[in-house]
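Fold and geometry: a report
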Amino acid sequence: MMKWIAIAALSSVAGMASAEAVAPADVQFDDYGAVEVSLSGTPGDAANGAAIVGDKKQGNCVACHQVGALADIPFQGEIGPALNGAGDRWTEAELRGIVSNSKKTFEGSMMPSYYKTTGYIRPGDAFTGKAASEPLPPLMDAQMIEDVVAFLATLKE
Amino acid sequence: MNFKATLACAAFVASVAPAAFAGEDAELVLNGEIPIVTTAPAPAHLDGVLGDEIKSGWLFRSDETQATQMDDFDNPGMIFVDQAQASWDTVEGSEGKSCASCHNDPAESMKGVRATYPKWNEEAGEVRTLAMQINDCRENQMGAEPWKYDKGDIVSMEALISVQSRGMPVNVAIDGPAQSTWEQGKEMYYTRYGQFELSCANCHEDNFGNMIRADHLSQGQINGFPVYRLKNTKLNGSHSRFKGCIRDTRAETFNPGSPEFVALELYVASRGNGLSVEAPSVRN
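Named according to an unreviewed UniProt entry, chain B is SoxAX cytochrome complex subunit A originating from Sulfitobacter brevis. As its UniProt record puts it under Subcellular location (unreviewed entry), chain B is described as follows: "Periplasm". Of the comments in the UniProt record for chain B, the one headed Subunit (unreviewed entry) reads "Heterodimer of SoxA and SoxX."

Taking an unreviewed UniProt entry as the reference, chain A is identified by name as Monoheme cytochrome SoxX (Sulfur oxidation) belonging to Sulfitobacter brevis.

Along chain A, the regular secondary structure elements total 5 helices and 0 strands. Walking chain A from its N terminus toward its C terminus, one meets helices and strands in the order α-α-α-α-α. Across the 157 residues in chain A, those meeting the buried criterion constitute 40%. Across chain A, the fraction of contacts at a sequence separation of at least 24, relative to all contacts at a separation of at least 6, is 51%.

The next thing to look at is the pattern of salt bridges. Considering all chains together, one arrives at 13 salt bridges over all chains under this definition. The residue Arg96 of chain A makes a salt bridge to Glu92 of chain A at a minimum N-O spacing of 2.6 Å. Highlighted residues: Arg96 of chain A and Glu92 of chain A, both in helix H4 (residues 92-101), separated by 4 residues, approximately one helical turn. On the basis of relative accessible area, Arg96 of chain A is assigned to the buried category, the value being 1%. Here Glu126 of chain B makes a salt bridge to Arg128 of chain B, at a shortest N to O gap of 3.0 Å. Overall, Glu126 of chain B belongs to the partly exposed group, its relative accessible area being 31%.

Here we come to the UniProt feature "domain: Cytochrome c" (unreviewed entry) in chain A. Following the UniProt record, one finds the feature "domain: Cytochrome c" (unreviewed entry) at residues 44-156 of chain A. Here residues 44-156 of chain A runs as 31% helix and 0% strand, with 17 Å between its end C-alpha atoms.

A few words on the UniProt feature "binding site: heme c 2" (unreviewed entry) in chain B. Residues and elements named next belong to chain B. Residues given the UniProt feature "binding site: heme c 2" (unreviewed entry) here are Cys200, Cys203, His204 and Cys245. Look at the named residues: they lie 46 residues apart in sequence, but the longest C-alpha span between them is just 11.2 Å, so in the fold they bunch up. Here His204 is to be found in helix H9 (residues 200-204). Classification of His204 by relative accessible area gives buried; the value is 17%. Once residues lying within four places of it in the same chain are set aside, the contact partners of His204 are Leu50, Tyr189, Leu217, Ser218, Gln219, Gly220 and Cys245. Tracing the backbone through its elements, the reader meets Cys245 in helix H10 (residues 238-247).

Residues and elements named next belong to chain B. Taken in spatial order, the 3 strands make up an open sheet running E10-E9-E11, and their pairing is mixed. This sheet does not close on itself; its edge strands, each paired only once, are strand E10 (234-236) and strand E11 (281-283). Pairwise comparison of adjacent strand axes, ignoring direction, gives a mean angle of 40° for this sheet. Of the pairings in the sheet, the one linking strand E9 (residues 227-229) to E10 comprises 3 bridges and is antiparallel in character. Pairing of Val227 across the sheet is with Asn236, part of E10.

We now examine the interface of chain A and chain B. Contacts between the two partners involve 36 residues from chain A, matched on the other side by 25 residues from chain B. Here chain A meets chain B over a buried area of about 2,500 Å², counting both sides, of which 55% is carbon and sulfur. The largest per-residue losses of area from chain A upon contact with chain B belong to Met110, Arg122 and Phe127 of chain A, which jointly make up 30% of the total buried on that side. Here chain A and chain B share 3 salt bridges between them. Connecting chain A to chain B are 15 residue pairs in polar contact (both at pLDDT 80 or more).

All names here are of chain B. As for its position among the elements, Glu122 is in the loop between strand E5 (119-121) and strand E6 (126-128). Spatially, the C-alpha atoms of Glu122 and Cys102 are 21 Å apart, while their sequence positions differ by 20 residues. Within polar-contact distance, the side chain of Glu122 engages the side chain of Trp120 at 3.1 Å.

Before going further, it helps to examine the packing of helix H3 (residues 77-88) of chain B against helix H7 (residues 152-163) of chain B. Residues and elements named next belong to chain B. Close contact between H3 and H7 brings their axes to 8 Å; oriented N to C, the two are set at 95°. By the angle between their directions, the pair H3 and H7 is classed as roughly perpendicular. Residues Met78, Phe80, Val81, Gln83, Ala84, Gln85, Ser87 and Trp88 of H3 form the contact with H7, whose own contacting residues are Ser156, Met157, Ala159, Leu160, Ile161 and Val163.

Once that is clear, we can look at empty space enclosed by the protein. All names here are of chain B. Going through the model one piece at a time under the given rule, you end up with 2 cavities of 30 Å³ or more. Of the pockets and cavities examined, the largest cavity occupies roughly 180 Å³. Lining the largest cavity are 18 residues; nearest its centre among them are Arg114, Glu158, Phe225, Ser238 and Glu265. Elements supplying a minimum of two residues to the lining of the largest cavity: helix H6 (130-142), H7, H10 and helix H11 (259-270). Tallied by class, the residues present in the lining of the largest cavity amount to 9 nonpolar, 5 polar and 4 charged. Of the voids in this model, the second largest cavity is the one considered here, and its volume is about 40 Å³. Lining the second largest cavity are Arg114, Val170, Gln221, Ile222, Asn223, Val268, Ala269 and Gly272. For the lining of the second largest cavity, a count of residues per class yields 4 nonpolar, 3 polar and 1 charged.

Rules used in this analysis
Residues numbered from 1 in each chain as written. Chains lettered and ligands numbered in written order. Predicted model: local features only at pLDDT ≥ 70, side-chain atom pairs only at ≥ 80, totals over all residues. Heavy atoms only, no water. UniProt positions renumbered as here; feature names shortened; annotations may be inferred. Helix = DSSP H or I, 4+ residues; strand = E, 2+ residues; numbered from the N terminus. Buried < 20%, exposed > 50% of the residue type's maximum accessible area, 1.4 Å probe, protein only. Contact = heavy atoms within 4.5 Å. Salt bridge = Lys/Arg side-chain N within 4 Å of Asp/Glu carboxyl O. Pairing = 2+ DSSP bridges. Axes fitted to C-alpha atoms, helices over the stretch in contact; angles between N-to-C directions. Buried area = accessible area lost by both parts, 1.4 Å probe. Polar contact = N/O pair within 3.5 Å; in protein donor to acceptor, adjacent residues only side chain to side chain. Parallel < 35°, antiparallel > 145°, perpendicular 65-115°, else oblique. 1 Å grid on protein atoms, 1.4 Å probe; cavity = no way out; pocket = protein on both sides within 12 Å on 5 of 7 lines; lining within 4 Å. Points joined across faces, edges and corners; volume = space filled by probe spheres on them. Nonpolar A, V, L, I, M, F, W, Y, C, P; charged D, E, K, R; others polar.

Quick look at the structure:
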């Protein structure tokens, strides 16, 4: 009985993921850190991407970056560059690479890697302070990354 | 009623008047008589990583928070200092002693002590924090139970001891037998922990002065510890703050009192050599 429940739970998780999703370990970065292939296989939803960028519980990109298009969100940070015009400066593939793992584009960047699951020093279980074993769940799933990339691509000067 | 109104008025003036001079160029004088050095030449060992000057976290706080620390009657941290003065005089343990039995008046005996901690203890062969030294006294001189690291009793006692050094420059030794512990702390300072892969330096060296969401990042100096935080309305030890920071990188933290945090405390304290002891400071 327990086994059946476990199997049912597993298959429902698998069912939610797109068949074409690229696993974090399988992402192909080019020499400049860009990622050509969609991570989810489903086009990004820019409106949802905007919500992720501004939401403290999701991407929280505004903690470090100013985004003029989201002017209604208070307390935008000054750590990274403003994202205004990001869609002019970077291609979709470059944006996908930067959001997935910015260190492949900017060596030593302070920016966290949002689609990476291994290679951490003292990895923790979210914000509990307790230890966690790798692979960790990525900070954003494949579709969230695609949604954020779709939103960033709309940011034109 | 008139008296109360006058008091309220006086309090209003007192809390607003200093605010006019607050901000990043503000001067901190406690109770109108103890000048606090909140900007000092950077220690040589920093090799310019913070520029020419080190700055107290007080300078990065809001006018209101700054004002709260200017007068002991406004500073809620002083309540805990009073409590610690009572426990200083309380006999505990098998030896029938209080702190006062050996150390008399802390205003005399503890003057300058906080400024040099953490420091090497020759007999023990280790770097000790002030908290470790307090517990050593409790266990080996008083025959009393040690206090739990960074919990109420011991943090209050650290504040009482620190108050006796307010205005004196932090001056922890980083060479000689303390050097290897200091090196360990330095390595930790630059290690990018957790799923966010953030080091102390990412925020407090590379980005002090910048806003991270609603937080104004300071240099992460610990000359003001123990610190009264408006966030949790109690005194906090530096190890608890380290733990909170590392937890927020989505990492497995270290424990208050662990050898790792002792090393980190020595290193971070040394980055503030030259700033005044401020404890109990007030922060958000």
